[in-house]
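# Observations on chain architecture
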Amino acid sequence: MSGRFSGMKRSKAGARSEKLFASERQKMVRRQLKARGIRDKALLRAMKAVPRELFVPENLREFSYDDSPLPIGEAQTISQPYVVALMVEAAGLTSNSRVLEIGAGSGYCVAIMSHLAGRVYAIERDEALAEELPSRLAELGCTNIEIRAGDGSAGWVEEAPFDAIIVSAVAPHIAQPLLSQLAPDGRLIVPVARGTDNQRLMKVTRRGEDDFSEEDLGGVHFVPLIGEEAFAPAG
Ligand code: SAH
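Below is a short write-up of the structure. (Residues numbered from 1 in each chain as written. Predicted model: local features only at pLDDT ≥ 70, side-chain atom pairs only at ≥ 80, totals over all residues. Heavy atoms only, no water.)

Before going further, it helps to spend a moment on the site of the ligand. Looking at the ligand, there are 27 residues lining it, with S106, E124, D151, G152 and I226 nearest. Within the backbone of R125, an N or O atom sits 3.1 Å from a nitrogen atom of the ligand. Relative to its unbound accessible area of 580 Å², the ligand is 98% covered by the protein chains. One can see that the ligand is located within the largest pocket. Counting only elements with at least two residues in the shell around the ligand, the list comes to β2 (76-78), β3 (98-102), α4 (108-116) and β4 (119-124). Examining the composition of the shell around the ligand, we find that 3 residues originate from one element, β2, more than from any other. (Near = heavy atom within 4 Å. Polar contact = N/O pair within 3.5 Å; in protein donor to acceptor, adjacent residues only side chain to side chain. Areas by Shrake-Rupley, 256 points an atom, 1.4 Å probe, with all protein chains shown as cover. 1 Å grid on protein atoms, 1.4 Å probe; cavity = no way out; pocket = protein on both sides within 12 Å on 5 of 7 lines; lining within 4 Å. Sits in = over half its atoms within 2 Å of the grid points. Helix = DSSP H or I, 4+ residues; strand = E, 2+ residues; numbered from the N terminus.)

Before going further, it helps to examine the environment of I38. Position of I38 among the secondary structure elements: in the loop between α1 (10-33) and α2 (41-49). Under the relative-accessibility criterion, I38 is labelled buried at 2%. When the C-alpha atoms of I38 and E127 are compared, they prove to be 33 Å apart, with 89 residues separating the residues in sequence. Not counting the four nearest positions on each side in its chain, I38 is found in contact with L33, L43, L44, Y82, A85, L86 and E89. (Buried < 20%, exposed > 50% of the residue type's maximum accessible area, 1.4 Å probe, protein only. Contact = heavy atoms within 4.5 Å.)

For the rest of this paragraph, the subject is empty space enclosed by the protein. Under the criterion given, the structure shown has 1 cavity of 30 Å³ or more. There is about 40 Å³ of room inside the largest cavity. In terms of lining residues, the largest cavity is bounded by S153, V167, A171, H173, I174, A175, L178, L188, V190, L225 and E229. (Points joined across faces, edges and corners; volume = space filled by probe spheres on them.)

Glancing now at the packing of aromatic side chains. Tallied over the full model, the rule gives 4 aromatic pairs. Geometrically, the ring pair formed by F21 and Y65 is tilted, given 6.3 Å between the ring centres and 55 degrees between the ring planes. With F21 in helix α1 and Y65 in the loop between α2 and β1 (70-73), this pair connects stretches of sequence that are 44 residues apart. Overall, the relative accessible area of 15% leaves F21 in the buried class. Classification of Y65 as buried rests on a relative accessible area of 5%. Ring geometry for Y121 versus W156: centroids 5.6 Å apart, planes at 80 degrees, classification edge-to-face. Of this pair, Y121 sits in strand β4 while W156 sits in the loop between β5 (145-149) and β6 (162-167), and the two are 35 residues apart along the sequence. Taking the relative accessible area as the measure of exposure, Y121 reaches 4% and is therefore buried. (Phe/Tyr/Trp six-rings, centres within 6.5 Å; stacked < 30°, edge-to-face > 60°.)

As structure tokens, this is what we get:
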């Protein structure tokens, strides 16, 4: 086997691994998403189309389609594919939706949502991660996005209202500013800490000016949301 690829041109090897990743991606959609009840057809198509391997560090690429989160540097993680799908499906996006993600991280969830929504706004607190996002997403042809570096725990008031807000880090509570930035019938998807080692993924829907309904979508595991309307930085 050794040397089998040695004479192969780089581009051919590249095409080969692209094909391999594509087939792993199909498998991921079937086994991790469809099998667990993800039904939104446009979402499943987007999950089949976006190359997750381009959002993970090079040395971890072989694990791109594993059923788990992966480290992306700066002590942060790219979410498990199923959790991304669960959150995005709960956000109920259509081609007219304006959606905000707080905690863009690698930008994977932004890329998925850019296939489904009209416009995607995203905020990332970590400067180094935020800096990489525009070029990575532009290379993939995502043009309907707006990225900002900084603390997004109080939302993005200048761009509100949003049809959906996804918080991709665990919050200590459901922040009032986020609720007030929801459009009528808008959905807030947010993991909330309930004591040690217990995080619940909550969906809050705006039924009226001051009328909200809550739904618990299950247990999850996220890194902390740090900021003004969130946890204080460690140390
Ligand atoms: N959806 C991302 C997951 C990122 S992990 C992905 O698919 O890759 C959570 C991210 O939230 C981290 O990158 C972290 O830096 C960021 N974060 C934490 N607190 C934040 C805040 N107050 N505002 C914006 N981003 C925050």
